[in-house]
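Residue-level structure breakdown
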Amino acid sequence: MKEYIESLKPLLSFDFFEMDGILLLAIKNTGKTEAKNIKIEILKLNNNGEYNELHLDGLFKNHFMLYPTEEVQGIVGYSGASIEKEIFPIIDVKISYINGGRFTCRWNRCWNGN
């Protein structure tokens, strides 16, 4: 029974990628219930050549909610890749959201864009 209840909770999945020179972070709720009061704080961008400055989308300035299968994405910065410079961008992220209506989940994570 406990496993079934756990399976109903929201579950956030992340994808950090580059598209047309823009670094994006996609967030999707792959769980079975809504994730409330989501706050994504992008702390820093590293290993991105000469462009380690953050250029954050408005998504990362506010709290938001995602229903099951809903996905959003926001701009983190611009790719520092060039013919002469190979990059492996890494972002440090602080994540929090309300899980199951009662508990706040918090994580600090790093992702690379490859």
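So, a few notes on the structure that sits alongside this text.

Cut-offs used in this document
Residues numbered from 1 in each chain as written. Predicted model: local features only at pLDDT ≥ 70, side-chain atom pairs only at ≥ 80, totals over all residues. Heavy atoms only, no water. Core = buried A, V, L, I, M, F, W, Y, C linked by side-chain atoms within 4.5 Å. Buried < 20%, exposed > 50% of the residue type's maximum accessible area, 1.4 Å probe, protein only. Helix = DSSP H or I, 4+ residues; strand = E, 2+ residues; numbered from the N terminus. Contact = heavy atoms within 4.5 Å. Pairing = 2+ DSSP bridges. Axes fitted to C-alpha atoms, helices over the stretch in contact; angles between N-to-C directions.

Things to note about the nonpolar core
Ranked by internal contacts, the top residues of the largest apolar core, which has 19 residues, are Leu12, Leu25, Ile27, Ile38, Ile40 and Phe60. Elements represented by at least two residues in this core include exactly strand 1 (12-19), strand 2 (22-29), strand 3 (35-46), strand 4 (64-66) and strand 6 (90-99). The element that contributes the greatest number of residues to this core is strand 3, accounting for five residues. Here leucine 12 is in contact with Ile27, Lys28, Asn29, Ala35, Ile38, Leu66, Ile95 and Tyr97, once residues within four sequence places are set aside.

A word on the pairing of strand 2
The buried count for strand 2 comes to six of eight residues, which makes it a mostly enclosed element. Pairing analysis gives eight bridges linking strand 1 to strand 2, with the strands arranged antiparallel. Residue glutamate 18 lies in a different strand from strand 2, and its bridge partner there is leucine 23. The turn joining strand 1 and strand 2, which pair antiparallel and follow one another in sequence, is formed by two residues; a positive phi near 55° is taken by aspartate 20. Sheet analysis places strand 2 next to strand 5 (residues 71-78), joined by seven bridges and oriented antiparallel. Bridging from a neighbouring strand, alanine 26 pairs with glutamine 73 of strand 5.

Quick look at the sheet that holds strand 1
Pairing between the strands of a sheet comes from backbone hydrogen bonds, and it takes one of two forms, parallel or antiparallel. The strand order 1-2-5 describes an open sheet built from three strands, whose pairing is antiparallel. Since the sheet does not close on itself, it has two edges, and those belong to strand 1 and strand 5, each with one partner. Across this sheet, the average inter-strand angle for adjacent strands is 20°, counted without regard to direction.

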